[in-house]
Amino acid sequence: MDNCVYEKYDIAIVGAGHAGCEAALAAARLGLKTIMFTVSVDSVAMMPCNPNIGGSSKGHLVCELDALGGEMGKNIDKTYIQSRMLNESKGPAVHSLRAQADKQAYIREMRKTLENTENLTIRQAEVAEILVEEENGMRHVTAVKTVSGATYDVRRAVLCTGVYLKARCIFGEVSEYTGPNGLKAANHLTASLIDLKIPVKRFKTGTPARVDGRSVDFSKMQIQEGDGFVRPFSFSNEPEDIKIDQVPCYLTYTNEETHQIIRENIDRSPLFSGAIKGTGPRYCPSIEDKVMRFPDKDRHQIFVEPEGLYTNEVYLSGMSSSMPEDVQYRMIRTMPGFEHASIVRNAYAIEYDCIDATALKSTLEFKDIKGLYAAGQINGSSGYEEAAVQGFMAGVNAALSFKGEEEVVLSRSDAYIGVLIDDLVTKESQEPYRMMTSRAEYRLLLRQDNADLRLREIGHRIGLVSDADYEKFLQKKAAIDEEAARLESTMVGATEKTNEFLIAHNSDPLKEGHGVSMSDLIKRPELSYEILAPIDKKRPELSWRVREQVNIRIKYEGYIKRQMIQVEQFKKLESRRIPEDIDYNEIKGLRLEARQKLSRIRPANIGQAGRISGVSPADVNVLLVYLKC
């Protein structure tokens, strides 16, 4: 073609959000010549919505990503302004780290990392078309073409388009075809996806208003301080490495006046008028949706979060909206502390095109197009963290596939990442998918504190965890095993001093002649490894990470063993592979719906087949009988 610029790369990453950044870094670090396209270089690693990383279940994803060799955990450790461990009053399975980010610092540090990564090129251009050729009955990626007509020869491509495909931002009667924060939308690639017979649908998400902090009276709100002991997201860091002076957040509430304003103007909300066609997230509803769906609630929490040290803007978490501008002003000013609030950026909803992720394998490669992968919100998920882990896995698998090596698939018993991807590729999401701890069947095993114990070895084997970090991990693992064994063999007698100590900690004293091990004492609900330090004279000096693991391993030993038995049963079904060329229409006894769903989704194994909506336990038994024949 005339005026086309031809360049050759091994892999193209389409999009530079959190999925694109992780995909590009993974591929480049694995030695592939990588190009990352973005509609604006200024949008690299942008945080267009909430100013934080982590949170319930999302903290698990970030820690797992770091254990595998990803970047998000390291980047937020460099750029956080407040850190809190959520759910500490509950068990360790649901403890979730959450850090407020300085948005501009986060972007700046991630871009610096990207620009200084060998094998990686960043290109500001809109990709308009994925070019494929057919070979031996299978389509293969050959190139990507930009709006300007420039063609880039590649053998692998990862689509990380976020919410930019045909994006439309809406509030009140205002409707603009732009991406988040007024950036250019990507209006051309959807047509190419449709031409490739990739199933496309329309989702919606939204974001709250940003308010000038100088117009807010924080004294009328509840202050939310950060933790005194800051746990890093990255296993490569220690608390002393990342210690800073933290910035507070605040908590306020809506009230009946707020709700009355919303009810009186609900007909002006695009969400209720029908102007918004895309399906929104059930677990992150707009404030007008919350008020209408829960009329018995007299108030809703609003967390007031700083956008960074560089700005006075504050983010109103929990107040996503697409109401008209005048209504936004009125309802915000009803809340304590916001009586004279000045809006910097209006809240808005955003509609965008995404794909039906059941078109993907568990590797995140399209089933019908070799070399084409998809990751992040294009797959129908929501959230920075969900996007980042998908981007990493897609980038890793694209690189391994290119090199002729076995791709990596994490199962539901391996990681939250495995749960997330398995849900996306097997369950037909009718709304943006959000990770939650309740989605993980084996969450006691899949804690964020042990993400390195579960995944560090995989990251090192892939080549994304350094030898130094891996050696540090092996030393930690050995220390945990040694200390757990020592506690099991260390006996405590019923001395007067010991019993006084136990009684002081509301624990039953030991009976004369009935000694117990230190492990047995740790298992008591009212005691712990740390509490017992004064009566454990031979205790070695150990890191906080080792001490934490020893305590959890011993205290929850019975529950962990029980869940391990469940995992073994799960793995039996996961190991029963289903041939790729199986004809479900030939299997007698399968219900029609099951045949249709199995033929379309084509699960890799029996376990995955059983998780498909519309496939019953009876259908699974029919499959098992058929595969034995």
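Here, the structure is the one placed above.
Everything quoted here is computed from the prediction, not taken from an experiment. Residue positions are counted from 1 within each chain, in the order its sequence is given. Restriction of local features to residues with pLDDT of at least 70 applies here, the model being predicted, together with a cutoff of 80 or more for giving and counting side-chain atom pairs; totals for whole chains, interfaces and linings are based on all residues. The basis for the side-chain values is all heavy atoms of the structure; hydrogens and waters are excluded.

Novice: I'd like a description of the pattern of salt bridges, backed by residues and values.
Specialist: Any Lys or Arg side-chain nitrogen located within 4 Å of an Asp or Glu carboxyl oxygen qualifies as a salt bridge. Applying the stated criterion across every chain yields a total of 49 salt bridges. With a shortest N-O distance of 2.9 Å, Glu386 and Lys58 are connected by a salt bridge. In this pair, Glu386 sits in helix α10 (residues 384–402) while Lys58 sits in helix α2 (residues 58–68), placing the two residues 328 residues apart along the sequence. The pair formed by Glu386 and Lys58 is uniform in burial state, with each residue classed as buried. Note that Lys427 and Asp423 form a salt bridge whose closest N and O atoms lie 3.2 Å from each other. In the salt-bridge network here, residues are joined through shared partners; they are Asp356, Glu428, Arg591, Glu593, Lys597, Arg600 and Asp619. Segments assigned H or I by DSSP are reported as helices when at least four residues long, segments assigned E as strands when at least two residues long, and all are numbered from the N terminus. Only protein chains enter the calculation, and the probe is 1.4 Å; a residue is then buried if its accessible area is under 20% of its type maximum, exposed if over 50%, and partly exposed in between.

Novice: Tell me about the environment of Asp102, and name the residues and values.
Specialist: Position of Asp102 among the secondary structure elements: in the loop between β6 (96–101) and α4 (103–115). Taking the C-alpha atoms as reference points, Asp102 and Val141, separated by 39 residues in sequence, lie 38 Å from one another. Only heavy atoms matter for contacts: two residues are in contact if any of them lie within 4.5 Å across the pair. Contacts of Asp102, omitting those with residues within four sequence positions, involve Thr79, Ile81, Glu307, Gly308, Leu309 and Tyr310. Any pair of nitrogen or oxygen atoms within 3.5 Å is treated as a polar contact; in protein, a donor-acceptor pairing is required on top of that, and neighbouring residues in sequence qualify only through side-chain atoms on both sides. A polar contact is formed between the side chain of Asp102 and the backbone nitrogen of Leu309, at a distance of 2.8 Å.

Novice: Hey, could you go over the packing of α10 against helix α11 (residues 416–426) for me, with residue numbers and the actual values?
Specialist: Simply put, an axis is a line fit to the C-alpha atoms, just over the touching stretch for a helix, and the angle between two N-to-C directions goes from 0 to 180 degrees. The contact between α10 and α11 brings their axes to 10 Å, and the two run at 85°. Taken as axis vectors, α10 and α11 run roughly perpendicular relative to one another. Together, Glu386, Val389, Gln390 and Met393 of α10 and Ile417, Leu420, Ile421 and Leu424 of α11 make up the contact between the two elements. Of the residues belonging to the contact of α10 with α11, the class tally is six nonpolar, one polar and one charged. Orientation categories follow fixed angle ranges, with anything under 35 degrees roughly parallel, anything over 145 roughly antiparallel, 65 to 115 roughly perpendicular, and all other angles oblique. In this classification, the charged set is Asp, Glu, Lys and Arg, the nonpolar set is Ala, Val, Leu, Ile, Met, Phe, Trp, Tyr, Cys and Pro, and all remaining amino acids, among them Gly, are polar.

Novice: Tell me about the side chain of Arg545, residues and numbers included.
Specialist: Position of Arg545 among the secondary structure elements: in helix α16 (residues 544–555). We score Asp and Glu as negative and Lys and Arg as positive, and we do not count His or the chain ends. Although buried, Arg545 forms no salt bridge, and the nearest oppositely charged side chain, Glu238, lies 4.2 Å from it. Within the structure, Arg545 has its side chain in polar contact with the backbone oxygen of Ser234 (distance 3.2 Å). Aside from chain neighbours lying at most four places away, what touches Arg545 is Pro232, Ser234, Phe235, Asn237, Glu238 and Lys476.

Novice: Go over the packing of helix α1 (residues 18–29) against α10 with me, naming the residues and quoting the values.
Specialist: Where α1 meets α10, the axes come as close as 7 Å, and the angle between the chain directions of the two elements is 30°. By the criterion of interaxial angle, the relationship of α1 to α10 is roughly parallel. As for the relative orientation of α1 and α10, their crossing is right-handed in sense. Between α1, through His18, Ala19, Glu22, Ala23, Ala26 and Ala27, and α10, the contact on the second element is made entirely by Tyr384, Ala387, Ala388, Gly391, Phe392, Gly395, Val396 and Ala399. Along the lines of polarity and charge, the residues of the contact of α1 with α10 split into ten nonpolar, three polar and one charged. By definition, any crossing whose near helix is turned counterclockwise from its far helix by less than a right angle is left-handed, and any crossing with a clockwise turn is right-handed.

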